[in-house]
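Here are the chains, one letter per residue:
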Amino acid sequence: MIAAENHALPLTGLAADLGAEPGHAADFAVGPHRVRLLSSDPAVIGYATTALRPAHVPSDTGGRPPDAVCLAAPLAPHRLDRLTAPGGEPAERLHLHGGRGGFAARFGAADGFRLVRMPGRADRFVTDTAARSVLYAGQRDDPRSLTEPAALTAALLTALAAQDGPVLAGAAVGTAAGAALLLDTGEGTAATTVPLLHEHGHGLLSWSSVRLVHDPGVPGGLRLRGLPSPCALPVSLLRRIRSLARHVCLADHPELAAPRTASDDPRGTVEFTPDELAEALGCQVLEQAPLALLVGPDGAGPEAALRRAAEVSAARFPAWHGIGATPRAPADTALAEEAGARPWVAVDGYDAVAARTVADELGRRHLTDTVPDLPDATRWPRSALTGRWVAVMEHRRLSRGMKLERWRTRALPAGTVHELMTTPAPPPAGGDRVDEVSYLGFAEFTGGLLAVGDAVHEADGKLLGHVLGFDDTHLPNHMNVVLLSEDRRTGRQRGLVPGGRLRVTAPADARSATGPGALTVPAEEPR
């Protein structure tokens, strides 16, 4: 059992001996299960509460101990080296969370402690099965020391939730008519579903895994409950969709900054949290979505597809040294029977043809839109917003230090003049500072609503960029509108002229022009 007091955990003492007293905490829950994250670094807790936002809950003040504890300790290299298995200790090969592999061995003389290492990595884990706790020790200033505890916490939550029923691997498909879940019975759906979301999705079911549960209060009696699992995207996909690559720290993934070569690892992936993926794709995060269909191997029935999904999940989220639990097989449960009664489509593989098949099927069902909890102006039908250039600019700043406001929409009264500029990359995650800007000019607008994500075009249709945010430095005189564009040319270099027209297109208008079900996998945007 886990002690109600954090300091009573044996691994807490080990962390303190290494100079990492875990003085900061946060709780995360799925259903009745709770995982407590402890760390000596408040930044670790801050990242986890952001990355696992839907699962973050207030700390339990009733004295009930959590179901598992994850301790995160960023350490100096010489302290990290103290976590070494005794010489000659036999190692056991392990399958870890997120499809990772590692080796475990008995750690020191502490009964029940095991040390886990991953090949080629300096960070390591110490597990205490008896106390259902894990110590993650990372090298200080290594980005993994910030992100790995959140991934481990998510894996523990997923394994614990599996005690209550099937945990299914899944991926989201967004359409102009609604949002639906494509339950993955194999691997590799991201290469299909993410391009669909990028082109047409207005809602992102934010987890790569879900629990299927009974709920008589919803149509059909079944509800999908999200689990806070990250989504691993192939590097090849990030090369194709530049909006994804812009949200990645190139220092961690230098292969994205370099030209593609024949030696690139085709299996390379980059993990995105739900919020990061939704922001990069311009989608709203949906915490629930209607169950639309089960997709299984060609010739397999829905019940077999459901069971296969549970098997895949069992392999992806195994018991983590006794802390979690393997998903229970859905056989002999009403879930398999109810899911089997749903309409479904058999698709062999997850290529573009399969994607269109799924999209067409969803379009025929006319799924109702999920009512969002938060406003999303990119989905609102809006009146046309146009303008004309009153001045064209020709300079560029590399260290402007512009601060983007938190507002995502701005109302532009008719006749007002505002300054437009471009930047080649968004601020780092969680930041608001923009340094490099290329100035386009001042434009007078007809009046309307401008939102983050809107596309701004020249009169001939050439794209100037997408609205990244707003800077209020010069208000009430005028507002700075920052556009995201890889084109670093200034207004004069682009050939803009005073009196020339521009127009603003909302994403909702662009989607409605394609019609329901007319989904295609996009190629990379022209530069």
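Residues numbered from 1 in each chain as written. Predicted model: local features only at pLDDT ≥ 70, side-chain atom pairs only at ≥ 80, totals over all residues. Heavy atoms only, no water.

## What about the overall build of the chain?
Link 1 in the chain: Within the chain one finds twelve helices and 30 strands.
Link 2 in the chain: Counted over contacts in the chain with a minimum sequence separation of 6, partners at least 24 positions apart contribute 71%.
Link 3 in the chain: If you sum the accessible surface of the chain, you get close to 23200 Å²; carbon and sulfur atoms cover 53% of it. (Helix = DSSP H or I, 4+ residues; strand = E, 2+ residues; numbered from the N terminus. Contact = heavy atoms within 4.5 Å. Areas by Shrake-Rupley, 256 points an atom, 1.4 Å probe, with all protein chains shown as cover.)

## Here we look at the side chain of Asp-471
Link 1 in the chain: Looking at where Asp-471 falls in the secondary structure, it is placed in strand 28 (residues 463–471).
Link 2 in the chain: In this structure Asp-471 is buried but unpaired, with Arg-400 as the nearest side chain of opposite charge at 4.3 Å.
Link 3 in the chain: Side-chain polar atoms of Asp-471 contact the side chain of Asn-480, separated by 2.7 Å.
Link 4 in the chain: Discounting residues that sit within four places of it in the chain, Asp-471 has contacts with Arg-400, Met-402, Lys-403, Glu-405, Met-479 and Asn-480. (Buried < 20%, exposed > 50% of the residue type's maximum accessible area, 1.4 Å probe, protein only. Lys, Arg positive; Asp, Glu negative; His and termini not counted. Salt bridge = Lys/Arg side-chain N within 4 Å of Asp/Glu carboxyl O. Polar contact = N/O pair within 3.5 Å; in protein donor to acceptor, adjacent residues only side chain to side chain.)

## As for the confidence of the model for the chain
Link 1 in the chain: Of all residues in the chain, 65% attain a pLDDT of 70 or more, and the chain-wide mean is 75.
Link 2 in the chain: Confidence drops under a pLDDT of 50 for residues 174–178, and excluding neighbours within four residues, the segment shows 20 contacts in the predicted structure.
Link 3 in the chain: Low pLDDT, under 50, characterises residues 366–370; the predicted model gives this stretch 17 contacts beyond four residues in sequence or across chains. (pLDDT = per-residue confidence, 0-100.)

## Description of the pattern of salt bridges
Link 1 in the chain: Counting across every chain of the model gives 13 salt bridges.
Link 2 in the chain: With a closest N to O distance of 2.8 Å, Glu-444 and Arg-388 form a salt bridge. A residue pair is termed long-range when its members are at least 10 positions apart, and Glu-444 in strand 25 (residues 437–445) and Arg-388 in strand 19 (residues 385–392) qualify at 56 residues.
Link 3 in the chain: Relative accessible area serves as the criterion here: at 24%, Glu-444 is assigned to the partly exposed category.
Link 4 in the chain: For Arg-388, a relative accessible area of 33% translates into the label partly exposed.
Link 5 in the chain: Across the pair Arg-492 and Glu-394 runs a salt bridge, and its minimum N-O distance is 3.0 Å. One end of the pair, Arg-492, is in the loop between strand 29 (480–484) and strand 30 (501–505); the other, Glu-394, is in the loop between strand 19 and strand 20 (396–397), and 98 residues separate them in sequence.
Link 6 in the chain: By relative accessible area, Arg-492 is classed as exposed at 56%.
Link 7 in the chain: The network of salt bridges with shared partners includes Asp-27, Arg-34 and Arg-36.

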